[in-house]
Structures are given as C-alpha cells and as structure tokens.
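Architecture at a glance
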Amino acid sequence: MERLLLIKLKPKAPFHLGERGVGIEETSEIVHSDTLFGALCWCWTLLTGEEPGGFLRPFCEGRPPFVFSSAFPFWGEMLFVPRPLGPSPVEGDEEFKQDVQRVAFLSLRAVEEMSRRTIPQQELKLLAGKRLLVLLREAQQLDNTDRAPWTVIQVPRVALDRVTSASEIFHAGRLVFAENSGLYLLVRILDPGSLASQKLKALFRLMGDEGLGGERSCGYGFFEPEFHELELNVPVTSQQLVLSLYNPKDPEELEGLDLARSAYRLVRRRGWVFSVRARNLQTQSVNFFVEGSVLRLSKPKDSGIYGRLVRVLPAGEDVPHPVYRNGLGFFIGWRSGEA
C-alpha cells in the first residue's frame, strides 16, 4: 500500500490543451507531465522572485524531491487513467472484450483490481458512449451514467486584420467539464523536507490563478486546487504502468527496459519558451514514452527513480538560461504476468 498526494484541479473555466501537429481547433483531454512541470517552474519564479535554477537543480542531478503523473480527468470520486496498452485482463464475450480494448480511460480502482486479477464482465461497466470503463460498484454510485463528465467542443472565434480590419472566422477547441468533475494528478513525495516539496501546494494554488494550457488570455485554464491523500494498492512487480511522459536517463537505463515484452507508444514533444527573459523561442523536439505504456523492467533500479530532465534549449544570447522538458517517469505496478 502506497500513500500518494492527490491534487484535484477543479475547473473555474474551460481548458485548451494543445497537441503537436494539431491546430487550435482541437484540444487534448489530459495535461502532460512536461506541461505541468513547465508551469511549476514559471510559478516558482513568480512566487519566490528567483530564477528557477534552485528549483531545477535536484531534478537535474537525479534526486528529484517529488515526481508526478500527468493530469487526467476525474468524475466525482472516480479517478481515470489512460487504458494500459496491451491486452486487458478481463473475461467476457468477444464484443465486450473488443469494447474494452477501445476505451480511452479506465478508473484507477479498476486498474488496481486488474493489476492483481482478471475481472469478469459482470463486475465492470462501460460509460460515456463506451469511452470509460469502471467497476460496476463505482457506476452504481452515480446519479446519471448516461451523461458524459466532460466534452470537447469547438467555439467560433473572429480574427481581425490589423491593417484592413477584415474579419476571418476560426474555431478553437474547448474542454468543458460537468459539475463535480475536472482534472487531477498524483504526486510521489520523495524528499518531504525539501523547499520545493514544502512549497508544492502554494505553487499549485498560484498555478490555478495563472491558468494552465493555452488561450489563457481568453479566460481558459483557471482552476482551484484541492489536496487529498490517496492510498494505492498495486503489486510490486517488474512490469510497470507509466502515468506520465517518460524519457530514459541514459543508454544503460534504456537497456534495462525489456521492450520486446513491453507495450508502448512514443510521442514527439516540442513547444515554446515562456519565461521572464526569453519568449517566442521554439524548443528542440524530444521523444517520450506516452501515458498508458506498460514497460517491463529487466533490471529494476534500487532508487525507483527513472527518467531525466531533457535540456531542450541551451543558454545563449537569445535565452540567458537553459530550458528543460520533464521526462521523469511516474510508474505504478502492473500485472506480474505477460501484458
């Protein structure tokens, strides 16, 4: 049994969460861990009045004071995570098993159960147009299982030419949550005595006022954080479910992954610098294992810390400080058998 810090981001406005290669008319349903880390660095500067070098140092040196997941949706007391890649440990008819392989999210409690045993069809429930899979006992606590707890809509907007004042319509994606739903993340505190850990709640409160994601100048991305303790009961095993973006620290760590017996996807991430002294600069691209990847560790590390901060922009004339993207992995135990 592990105790984690649960941070709920209760929306005060819609979100716009952009993805590489997707126009402004689309939006993601999750906030990746590298985006959250960049927001924490910005809030550290605002909160302390200092450059984020002191905040970044332990992360860069491989002794992070905490690691955290990406931010996923929640609905009431149900916390959702992306469906683990690979075959799902469920029993039932073929149609149901195919539906399970197509769901977008599973409840965290369903993942806990699946990490220990194969679950029969009668103990599970598909919700929201078969996009969500939860335990039947969780679904029975909902007032209305027909409605979707969040939706993505496209909002028409108008751009005006600065010279001619000619107008042009375009659309922006908007992620809207129903009442009693929003986003959450899990945090594993590794050094509770560190200054960064002690200020973590204050940083998220400030982040809620600053906004998260894109289109903040249009009122998007504001939230109120809520802090809880979560007990997570998953097995200690060499097979791990990744709940954040993850970039291996070095060739030795990469060789310690048994990729032939893993189920994973990769994503290429890049973005723009948002800093007091450097803006409108695009960072280098970095490849990550995505959330929901199931990785088998052939040589588990004693420290339990995987991944690294990747420098995506060196210090120079245009940017007086290096810029990093967070690739520290947040893992939880998954099934000890084959994925």
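That block above? That's the structure.
An account of the accompanying structure is given in this report. Since this is a predicted model, take the numbers as computed values, not measurements.

Examining the overall build of the protein
- Across its full length, the protein carries eight helices and 22 strands.
- Of all 339 residues assigned to the protein, the portion counted as buried reaches 51%.
- If you sum the accessible surface of the protein, you get close to 16300 Å²; carbon and sulfur atoms cover 46% of it.

Observations concerning helix H3 (residues 94-102)
- Of all the positions in H3, only Phe96, Asp99 and Val100 are classed as buried. On an axial view of H3, the arc spanned by its buried residues comes to 100°, and they lie on one face. The exposed set on the far side of H3, more than 90 degrees from its buried face, consists of Glu94, Glu95 and Arg102.
- Considering only its buried residues, H3 is in contact with strand S5 (90-91), strand S8 (124-127) and strand S9 (132-135).
- For H3, the N-terminal capping position is held by aspartate 93, with its side-chain oxygen 3.3 Å away from the main-chain nitrogen of glutamate 95.

Quick word on the pattern of salt bridges
- Here the structure, examined in full by the defined rule, presents 17 salt bridges.
- The partner of arginine 188 in a salt bridge is glutamate 2, and the shortest N-O contact between them spans 2.6 Å. Of this pair, arginine 188 sits in strand S12 (residues 181-189) while glutamate 2 sits in strand S1 (residues 2-11), and the two are 186 residues apart along the sequence.
- Arginine 188 gets classed as buried once you look at its relative accessible area, which sits at 16%.
- Residues arginine 63 and glutamate 61 are paired through a salt bridge, measuring 2.5 Å at the closest nitrogen-oxygen approach.

Section: the sheet that holds strand S22 (residues 331-333)
- Strand order in the open sheet made by the three strands is S19-S14-S22, with antiparallel pairing throughout. Two strands in the sheet have a free side with no partner beyond their single neighbour: strand S19 (294-296) and S22. Strand-to-strand, the axes of this sheet are offset by a mean angle of 40°, without reference to chain direction.
- Sheet topology places strand S14 (residues 239-242) next to S22; three bridges connect them, and they run antiparallel.

Remarks on the environment of isoleucine 7
- Here isoleucine 7 shows up in strand S1.
- In this structure isoleucine 7 comes out as buried when scored by relative accessible area, which is 0%.
- Spatially, the C-alpha atoms of isoleucine 7 and leucine 185 are 5.4 Å apart, while their sequence positions differ by 178 residues.
- Setting aside anything within four residues of it in sequence, one finds isoleucine 7 in contact with Leu183, Tyr184, Leu185, Val187, Phe204, Pro225, Glu226 and Phe227.

Re the side chain of aspartate 34
- Of note, aspartate 34 is situated in helix H1 (residues 33-48).
- Side chain to side chain, aspartate 34 and arginine 269 meet in a polar contact 2.9 Å long.
- In this structure the side chain of aspartate 34 is engaged in a polar contact, spanning 2.5 Å, whose partner is the side chain of arginine 325.
- When sequence neighbours within four positions are dropped, the list of residues in contact with aspartate 34 reads Leu245, Arg269, Phe288, Arg325 and Asn326.

What counts and what doesn't
- Along each chain, residue indices are assigned from 1 in the same order as the chain's sequence is written.
- Confidence filtering applies because this is a predicted model: local features only for residues at pLDDT of at least 70, side-chain atom pairs given and counted only at 80 or more, and all residues used for totals across whole chains, interfaces and linings.
- Side-chain numbers here rest on the full set of heavy atoms in the structure, without hydrogens or water.
- By the criteria applied, helices consist of DSSP H or I runs no shorter than four residues and strands consist of E runs no shorter than two, each listed in order from the N terminus.
- For the exposure calls, accessible area comes from a 1.4 Å probe over protein chains only, and a residue counts as buried if that area is under 20% of its type's maximum, exposed if over 50%, partly exposed in between.
- Values of accessible area rely on a 1.4 Å probe in the Shrake-Rupley scheme; residue burial ignores everything except the protein chains shown.
- By construction, the arc corresponds to the directions joining the helix axis to the C-beta atoms.
- The criterion used for residue contact is that any of the two residues' heavy atoms lie within 4.5 Å.
- In the analysis that follows, any N or O atom pair within 3.5 Å is treated as a polar contact, provided that within protein one partner can donate a hydrogen and the other can accept it, and provided that, for residues neighboring in sequence, both atoms belong to side chains.
- Throughout this description, the term salt bridge denotes a Lys or Arg side-chain nitrogen within 4 Å of a carboxyl oxygen of Asp or Glu.
- Should DSSP find at least two bridges between two strands, the strands are taken to pair.
- Inter-axis angles, ranging from 0 to 180 degrees, are taken between N-to-C directions of lines fitted to C-alpha atoms, where helices are fitted over the stretch in contact.

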